[in-house]
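As a plain string of letters, each chain reads:
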Amino acid sequence: MCSSDLGVLGSQDGVDLEVRQCWKYMRVMQKLIEVGATAHILVVCPAAASGAMVAGASKAVAMEEAALQVQRIFLTPARLADATEKMKELVVLAAHHQRESDLWIQDDSLSGAVFTQRIEPMTAPSSKMPCVPKVSADGKEAAYVLTGATGGLGKAVVEWMLRDQGLAPHQLVLLRRSGSTPLTGSLAKCRVVEVSRLDGQEELVGSALAHVQNVLGVFHLAGVLDDGILGGMTEDRVRKVAQPKCGGLASLMHAAKALRWPLKWILEIGRAHV
């Protein structure tokens, strides 16, 4: 089964396509579970952000149902386009690396090196160099936009940026829904932009974000939690979780481009599980 190469980051339509595709995959898995099937499932994915919801759902399947063994193969867009014609070669490749859950193929000929995921130790961050710069390379004061900053994780990130990274409160812009509860403590000292929907692309562009200069980074922490087993999932539940994360991310990237922020990165963290 091949996941689509349609992008999740370009528009709301892209998010809708990802949700529908993910639900179709989950529905097939539900049917297999209902009939008590034992299967080795090969999920062919683009080596990109698109298809990520199917890839994530396939990991949940493997953890919940021991009878369903799942492998993911990530291909370049060029190879993904004719993946169905190369399915025999992909099946052989997966069988050769049957102990690996994830395979990355960079060679379009499928004959090159196969990359697998490994956890490696990281060097400790430098205590002399900040993780989050106060200024950009041209010396201008930096700004950072955060969503979901009022949650437990968000508050910890804000405190870390103020206390450990030495940023001033006005450098942090908290993007939140209109009518949210009043802010207290360190959060109350930060700049605030309120919108009716975080996933409204044009609303973000037309909001007070337009007056924020030199945004170097975005922390997308907002999300909705709706845990449950695969058998109890519905398309509405999948969409409920995906919209604030995927839809919100698409809107933030649209705003960053429209407002010409000199972004260095967007970091999306937090739980948004089904």
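Data block above holds the structure.
Below, the structure is looked at part by part.

1. Some details on the sheet that holds strand E7 (residues 191–195)
Sheet strands pair via backbone hydrogen bonds, and the direction of the pair is either parallel or antiparallel.
Thought 1: Ordered by their spatial adjacency, five strands build an open sheet running E7-E6-E5-E8-E9, and the pairing between neighbours is parallel. Looking at which strands have only one partner, the edges of the open sheet turn out to be E7 and strand E9 (265–268). Taking the axes of each pair of neighbouring strands and ignoring which way they run, one obtains an average angle of 20° across the sheet.
Thought 2: Here four bridges tie strand E8 (residues 215–220) to E9, and the two strands are oriented parallel to one another. Paired with Gly 217 across the two strands is Trp 265, which belongs to E9.
Thought 3: Contacts from helix H7 (residues 235–258) reach strand E5 (143–147), strand E6 (172–177), E8 and E9 within the one sheet, and its direction differs from that of E8 by about 170°.

2. Quick word on the environment of Lys 257
Thought 1: Within the element layout of this structure, Lys 257 appears in helix H7.
Thought 2: With 164 residues separating them in the primary sequence, Lys 257 and Leu 93 have C-alpha atoms 40 Å apart.

3. A look at the pairing of strand E1 (residues 39–46)
In summary, the side chains of a regular strand alternate between the two faces of the sheet.
Thought 1: Of all the eight residues making up E1, six are buried; the element is thus mostly covered by neighbouring parts of the structure.
Thought 2: Once you follow E1 into helix H2 (residues 52–64) and on to strand E2 (residues 68–75), the crossover reads as right-handed.

4. Brief notes about the layout of surface pockets
Thought 1: Here the second largest pocket defines a volume of roughly 340 Å³.
Thought 2: Forming the walls of the second largest pocket are 21 residues, and the residues nearest its centre are Gly 148, Ala 149, Thr 150, Gly 151 and Ala 222.
Thought 3: No other element matches E6, which puts four residues into the lining of the second largest pocket.
Thought 4: Here the residues of the lining of the second largest pocket are counted per class, giving 10 nonpolar, eight polar and three charged.

5. What about the side chain of Thr 76?
Thought 1: Residue placement: Thr 76 occurs in the loop between E2 and helix H3 (77–80).
Thought 2: Judged by relative accessible area, which is 18%, Thr 76 ranks as buried.
Thought 3: In this structure, Thr 76 is in contact with Ile 105, Gln 106 and Asp 108, ignoring residues within four places of it in sequence.

6. Here we look at the sheet that holds strand E3 (residues 102–105)
Thought 1: Strand order in this open sheet of four strands is E1-E2-E3-E4, and the pairing throughout is mixed. In the strand order of this sheet, the two ends are held by E1 and strand E4 (114–116), each with one partner. Within the sheet, the average angular offset between the axes of one strand and its neighbour, ignoring direction, is 25°.
Thought 2: Inspection of the sheet shows E3 paired to E4 by three bridges, in the antiparallel sense. Directly across from Trp 104, in E4, lies its bridge partner Phe 115.
Thought 3: Against the sheet, H2 engages E1, E2 and E3, with an angle of about 155° to E2.
Thought 4: Strands in contact with helix H4 (residues 87–96) are E1, E2, E3 and E4; relative to E1, the strand with the most contacts, it is inclined by about 115°.

Conventions adopted
Residues numbered from 1 in each chain as written. Predicted model: local features only at pLDDT ≥ 70, side-chain atom pairs only at ≥ 80, totals over all residues. Heavy atoms only, no water. Pairing = 2+ DSSP bridges. Helix = DSSP H or I, 4+ residues; strand = E, 2+ residues; numbered from the N terminus. Axes fitted to C-alpha atoms, helices over the stretch in contact; angles between N-to-C directions. Contact = heavy atoms within 4.5 Å. Buried < 20%, exposed > 50% of the residue type's maximum accessible area, 1.4 Å probe, protein only. Right-handed = clockwise from strand over helix to strand, strands pointing away. 1 Å grid on protein atoms, 1.4 Å probe; cavity = no way out; pocket = protein on both sides within 12 Å on 5 of 7 lines; lining within 4 Å. Points joined across faces, edges and corners; volume = space filled by probe spheres on them. Nonpolar A, V, L, I, M, F, W, Y, C, P; charged D, E, K, R; others polar.

Functional significance is not addressed by these values, which are geometric in nature.
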